[in-house]
2 protein chains.
Amino acid sequence: MSAKFVDFVKTGSKIVCVGRNYAKHAKELGNALPKTPILFTKPTTCYVKDGGFIRYPSITNDLHYEVELGVIIGDKASQVPQNKIMSHVAGYAIAIDITCRDIQEQCKSERIPWTMAKCLDTFCPVGSFVPSHEIDPYNTEIILKQNNVIKQQGNTKDMIFNIPSLLEYINRHITLLPGDLVLTGTPEGVGPLKRGDELHVAIPKFNYLTFLSMKDFV
Amino acid sequence: MSAKFVDFVKTGSKIVCVGRNYAKHAKELGNALPKTPILFTKPTTCYVKDGGFIRYPSITNDLHYEVELGVIIGDKASQVPQNKIMSHVAGYAIAIDITCRDIQEQCKSERIPWTMAKCLDTFCPVGSFVPSHEIDPYNTEIILKQNNVIKQQGNTKDMIFNIPSLLEYINRHITLLPGDLVLTGTPEGVGPLKRGDELHVAIPKFNYLTFLSMKDFV
Ligand SMILES: [Mg+2]
Ligand SMILES: [Mg+2]
Ligand SMILES: [Mg+2]
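Residues numbered from 1 in each chain as written. Chains lettered and ligands numbered in written order. Predicted model: local features only at pLDDT ≥ 70, side-chain atom pairs only at ≥ 80, totals over all residues. Heavy atoms only, no water.

(A) Fine view of the overall build of chain A. Within chain A, the regular secondary structure consists of 6 helices and 16 strands. Here the C-alpha radius of gyration of chain A, 16 Å, is about what a compact globule of 218 residues would show, namely 17 Å. Per-residue burial over chain A gives 62% buried out of 218 residues. A fraction of 77% describes how many contacts in chain A between residues 6 or more apart in sequence connect residues 24 or more apart. (Helix = DSSP H or I, 4+ residues; strand = E, 2+ residues; numbered from the N terminus. Rg over C-alpha atoms; globule rule 2.2 N^0.38 Å. Buried < 20%, exposed > 50% of the residue type's maximum accessible area, 1.4 Å probe, protein only. Contact = heavy atoms within 4.5 Å.)

In structure tokens, the structure reads:
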């Protein structure tokens, strides 16, 4: 079933994201641990592939990186229970949840959705499809380097809600379709991007991917 | 160009929604008037077509209807200015922004996105494609009846941000693709749905559409 998911960036219909799913990251941003998963979405116009550019929009002064493991849906899932949901997973991809931290804080204070912080073009740099049999969802390392310095080095074993429980929670009310991506939250170490920075992200046994923060973007 | 947009529900990649875009509606929910458009998104798994059912999920006790005019994008739009953006519109459709009002209030108090209030399956009942030359975006009536009683009767002339200014605001940072739908906000008169209710919505010179709230849904 793998071959057709190589193109999930083109065929998928949505990106569902989970916030505050690693305890140390929730703490570094001063947030309480969630009792249920915190969900938001990104449109597929956020995708950028290996070697691509991340926009630094003029509306923000605090653009952050958040490396995350992405889960790629294989078979349509609607109200599939936790003990059966992993058979609906086609594979995984490393991804970055690019976030205007200042705008997110403003949205929080205005009690409105985080759309202008999370959903802008180029705000989901993403790696290649890795078939599910290559990854242990309960014990996979994810790494982000900024200008060749390691800034985030987490492991999916530290998730508050593990992958099957996230997928169960989502697909109880939101149908997941083939090619959809679920971003599973970021470990600690998030931080600001500067214009012109180079980011490298990886699941270490696979290749590093490169993304560049644009020097100029209006 | 119209023919290929009849299927926008299948071909579109996203639904971008605008909150509090009619002053009397902002007031009825006790919200201040926005200084810039408030945006959120719904995934395309929210779509329901004429005659379809709206789920009443067990997680809510206060499911609301919000009738809205939807704008259907024709040509890809990225950073198109306000004075040129209307040539990127293919047409319009009446739609309902179904909302778990109690969960939305909880999300607001927790300062998190409204995903579990707005993005659930069946939460975007939508009408047929109406080509742009049939609609005056600055003066179009939209109506919602609940069990044959008119509950909402608004006019797009009362929008706080008109359609070109909304589209300009969105496409400055979020590329709009052919078939994408933009929901432009609801006029006053929103209210609770009961299980088994019948909703009819229309742009009056076109047909009424019928949607049914499910009697039973876990
Ligand atoms: Mg994140
Ligand atoms: Mg959202
Ligand atoms: Mg609405």
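(B) How the structure looks around the side chain of B:Lys14. Within the secondary structure, B:Lys14 is located in the loop between α1 (8-11) and β1 (15-19). Judged by its relative accessible area of 4%, B:Lys14 is buried. A distance of 3.2 Å separates a polar atom in the side chain of B:Lys14 from a polar atom in the side chain of A:Thr45. Polar side-chain contacts of B:Lys14 include one of 2.9 Å to the side chain of B:Asp180. Those residues within four positions of B:Lys14 in sequence are excluded, and the remaining contacts are A:Pro43, A:Thr45, B:Lys42, B:Thr44, B:Ile174, B:Thr175, B:Leu176, B:Leu177, B:Asp180 and B:Leu181. (Polar contact = N/O pair within 3.5 Å; in protein donor to acceptor, adjacent residues only side chain to side chain.)

(C) Summary view of the environment of B:Ala32. Residues and elements named next belong to chain B. Looking at where Ala 32 falls in the secondary structure, it is placed in the loop between α2 (23-28) and β2 (38-42). As a C-alpha pair, Ala 32 and Val 67 span 35 residues in sequence and 20 Å in three-dimensional space. If near-sequence neighbours (up to four positions away) are discounted, Ala 32 is found in contact with Arg 20 and Ala 26.

(D) How the structure looks around the coordination of the magnesium ion (ligand 1). All names here are of chain A. Those donors, Glu 66 (OE), Glu 68 (OE) and Asp 97 (OD), are the protein atoms that reach the magnesium ion (ligand 1), and they lie 2.0 to 2.1 Å from it. What makes Glu 66 buried here is its relative accessible area of 4%. Given a relative accessible area of 1%, Glu 68 falls into the buried group. (Donors = N, O, S within 2.8 Å, 3.2 Å for Na, K, Ca; no water.)

(E) Representation of the nonpolar core in the model. Counting residues in hydrophobic clusters, the biggest one holds 138 residues, and the most contacted among them are A:Phe8, A:Leu167, A:Leu181, B:Phe8, B:Leu167 and B:Leu181. Look past the residues within four positions of B:Leu181 in its chain and what remains in contact with it is B:Phe8, B:Lys14, B:Ile15, B:Val16, B:Tyr47, B:Gly70, B:Val71, B:Ile72, B:Cys124 and B:Val126. (Core = buried A, V, L, I, M, F, W, Y, C linked by side-chain atoms within 4.5 Å.)

(F) Seen up close, the sheet that holds strand β11 (residues 141-146) of chain B. All names here are of chain B. Judged by pairing direction, the sheet is mixed, and its 5 strands sit side by side in the order β4-β16-β15-β11-β12 without closing on themselves. The open sheet terminates on both sides in strands that have one partner only, identified here as β4 (53-54) and β12 (149-155). One ladder, built from 4 bridges, connects β11 with strand β15 (residues 198-202); its direction is antiparallel. Directly across from Gln 146, in β15, lies its bridge partner Leu 199. (Pairing = 2+ DSSP bridges.)

(G) Seen up close, the pattern of salt bridges. Applying the stated criterion to the full structure yields 20 salt bridges over all chains. The residue B:Lys118 makes a salt bridge to B:Asp97 at a minimum N-O spacing of 2.8 Å. In this pair, B:Lys118 is assigned in helix α5 (residues 115-118) and B:Asp97 in the loop between β7 (89-96) and β8 (99-100), connecting sequence segments 21 residues apart. A relative accessible area of 2% places B:Lys118 in the buried class. By relative accessible area, B:Asp97 is classed as buried at 1%. Where B:Lys205 meets B:Glu134, a salt bridge forms, and the shortest distance between an N and an O atom there is 3.8 Å. With B:Lys205 in the loop between β15 and β16 (209-213) and B:Glu134 in the loop between β10 (130-131) and β11, the pair connects residues that are 71 residues apart, well separated along the chain. For B:Lys205, a relative accessible area of 60% translates into the label exposed. Counted as one network, the salt bridges with shared partners bring together A:Lys42, A:Glu66, A:Asp97, A:Arg101 and A:Lys118. (Salt bridge = Lys/Arg side-chain N within 4 Å of Asp/Glu carboxyl O.)

(H) Structural view of the interface of chain B and chain A. Taken together, the contacts link 35 residues of chain B with 35 residues of chain A. Here chain B packs against chain A, burying approximately 3000 Å² in sum over the two surfaces, 60% of which is carbon and sulfur. Contact with chain A buries area across many residues of chain B, yet B:Arg111, B:Pro113 and B:His173 alone supply 24% of it, more than any other trio. Along the contact surface separating chain B from chain A lie 0 salt bridges. (Buried area = accessible area lost by both parts, 1.4 Å probe.)

(I) How the structure looks around the coordination of the magnesium ion (ligand 3). Residues and elements named next belong to chain B. For the magnesium ion (ligand 3), every protein donor is listed as Glu 66 (OE), Glu 68 (OE) and Asp 97 (OD), and the spread of their distances is 2.0 to 2.1 Å. Sequence spacing among the residues donating to the magnesium ion (ligand 3) works out to E-x1-E-x28-D. With Glu 66 in the loop between β5 (63-65) and β6 (67-73) and Asp 97 in the loop between β7 and β8, this residue pair connects regions lying 31 residues apart in the sequence. Here Glu 66 and Asp 97 have matching classes, each one buried.

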